[in-house]
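Examination of the molecular architecture
Here's the letter readout for the chains.
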Amino acid sequence: MKAIRIEQFGGPEVMRFCDVEVPEPLAGEVLVKNFFVGINPVDYKIREGQYPEVKQDKLPLTLGREVAGLVEKVGQGVSDFKKGDRVFAMIGADGGYAEYSRVPAVHLARIPHALDWPVAAGVPLAGHTAWQALVEHGQIEQGQKVLIHGGTGGVGHLAVQFAKVKGAEVYATASTDSLPYLRELGADRAIDYKTERFEDICKEFDLVIDLIGGDTQARSWQVLGEGAGWCRP
Ligand SMILES: NC(=O)c1ccc[n+]([C@@H]2O[C@H](COP(=O)([O-])OP(=O)(O)OC[C@H]3O[C@@H](n4cnc5c(N)ncnc54)[C@H](OP(=O)(O)O)[C@@H]3O)[C@@H](O)[C@H]2O)c1
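None of these values were measured; they are calculated from a predicted model.

This part takes up the site of the ligand. As a matter of local geometry, the ligand sits amid 19 residues, with Lys45, Gly154, Val155, Ser175 and Tyr193 nearest to it. The contact in question runs from an oxygen atom of the ligand to an N or O atom on the side chain of Lys45, over 2.6 Å. Note that an oxygen atom of the ligand is positioned 2.9 Å from one of the backbone N or O atoms of Val155. Going through the elements one at a time, helix 1 (41–47) and helix 3 (124–137) are the ones with two or more residues in the shell around the ligand. The leading source of residues in the shell around the ligand is helix 3, at 3 residues. Of the residues belonging to the shell around the ligand, the class tally is 7 nonpolar, 10 polar and 2 charged.

With respect to the helices and strands, Asn34 occurs in strand 3 (residues 29–37). A polar contact is formed between the side chain of Asn34 and the backbone oxygen of Ala98, at a distance of 2.8 Å.

What follows concerns the sheet that holds strand 8 (residues 108–110). Taken together, the 5 strands give an open sheet; going across it, the order is 7-3-5-6-8, and neighbouring strands pair in antiparallel fashion. Lying at the two open borders of the sheet, with one neighbouring strand each, are strand 7 (100–104) and strand 8. Pairs of neighbouring strands in the sheet enclose a mean axial angle of 45 degrees, with direction left out of account. The pairing of strand 3 with strand 7 spans 5 bridges and is antiparallel. Residue pairing in the sheet places Glu29 in a bridge with Pro104 of strand 7. Against the sheet, helix 3 touches strand 5 (66–74) and strand 6 (86–90), its axis set at about 55 degrees to strand 6.

Once that is clear, we can look at helix 4 (residues 156–165). Turning to helix 4, its buried residues number three or more, namely Gly156, Leu158, Ala159, Val160 and Ala163. Tucked into the core, helix 4 has its buried residues touching helix 3, strand 9 (145–149), strand 10 (169–174) and helix 5 (179–185). Note on helix 4: the residue one or two positions beyond its end, Gly167, has a positive phi of about 85 degrees.

Next up on the list: the domain arrangement of the protein. Examined at the domain level, the protein breaks down into domain 1 (2–122) and domain 2 (126–231). On a C-alpha basis, the centroid separation for the pair domain 1 and domain 2 is 29 Å.

As a further point, take the nonpolar core. One finds Leu134, Val146, Ile148, Val160 and Leu182 to be the most contacted residues of the largest nonpolar core, which totals 22 residues. Of all elements in the fold, only helix 3, strand 9, helix 4, strand 10, helix 5 and strand 12 (205–210) reach the threshold of two or more residues within this core. Leave out the neighbours within four places in its chain, and Leu134 touches Gln139, Ile140, Val146, Ala159, Phe162, Ala163, Leu207 and Ile209. By size, the runner-up hydrophobic cluster in this structure holds 12 residues, among which are Val67, Val87, Ala89 and Ile91.

Criteria and cut-off values
Residues numbered from 1 in each chain as written. Predicted model: local features only at pLDDT ≥ 70, side-chain atom pairs only at ≥ 80, totals over all residues. Heavy atoms only, no water. Near = heavy atom within 4 Å. Polar contact = N/O pair within 3.5 Å; in protein donor to acceptor, adjacent residues only side chain to side chain. Helix = DSSP H or I, 4+ residues; strand = E, 2+ residues; numbered from the N terminus. Nonpolar A, V, L, I, M, F, W, Y, C, P; charged D, E, K, R; others polar. Pairing = 2+ DSSP bridges. Axes fitted to C-alpha atoms, helices over the stretch in contact; angles between N-to-C directions. Contact = heavy atoms within 4.5 Å. Buried < 20%, exposed > 50% of the residue type's maximum accessible area, 1.4 Å probe, protein only. Domains from an automatic or database assignment. Core = buried A, V, L, I, M, F, W, Y, C linked by side-chain atoms within 4.5 Å.

Rendered as structure tokens:
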């Protein structure tokens, strides 16, 4: 099969289009024939050697951390999936940019009918991140106030929708052109980070989801109320 691999860390030029063996699913794993794969900031961080869990000893590896496709084969002990199932998954730091990926069955889910292939391939990693930040770490509750930085990005656009479903009051930042989209996603207040200062608008918030970092992180502490939380995925 074809796969996009790196043998060393560096810029885009280190990516190689390679021929490699189709992997065999081990016990508890599923082999997925990928139709679409997601591309995320973590991919370039891995490629550049900036990702703490992937050091020189993990090379060479195939980039890509989320896939959508059809089940090709199941490993020993897998009974929840069968050949032909339409599935998507977030995978470890090795294996997404390829024609086939080996995925632990517990990381796999069927794609809802409403999602087409390209949309499905963009959901697992960003969706999982947004859910972890808001629900698992942030423990967001109905009526709480949350500020989401980068509310129209890959993670942010899902975080805004999840927070609304959880009954939170959602303030989110985006650039000027993206504000209508942010309102469409359900944000109660769309803040233009190019012309407004979020710390002048948000007071006593329960949670900040920071998808930007740096100066945005430093300025975010002051918007939190007592007992509040901050999450940088
Ligand atoms: N994607 C994932 O699955 C995932 C998983 C784990 C961690 N992360 C991390 O989460 C961060 C965001 O990832 P992403 O995939 O959501 O990135 P993304 O799709 O590039 O989104 C980032 C968003 O931030 C906005 N933005 C840029 N500068 C800003 C500022 N100063 N204030 C507020 N918003 C600003 C951009 O909006 P405009 O274009 O309108 O300026 C853009 O929509 C990255 O550090 C990434 O490594 C991502």
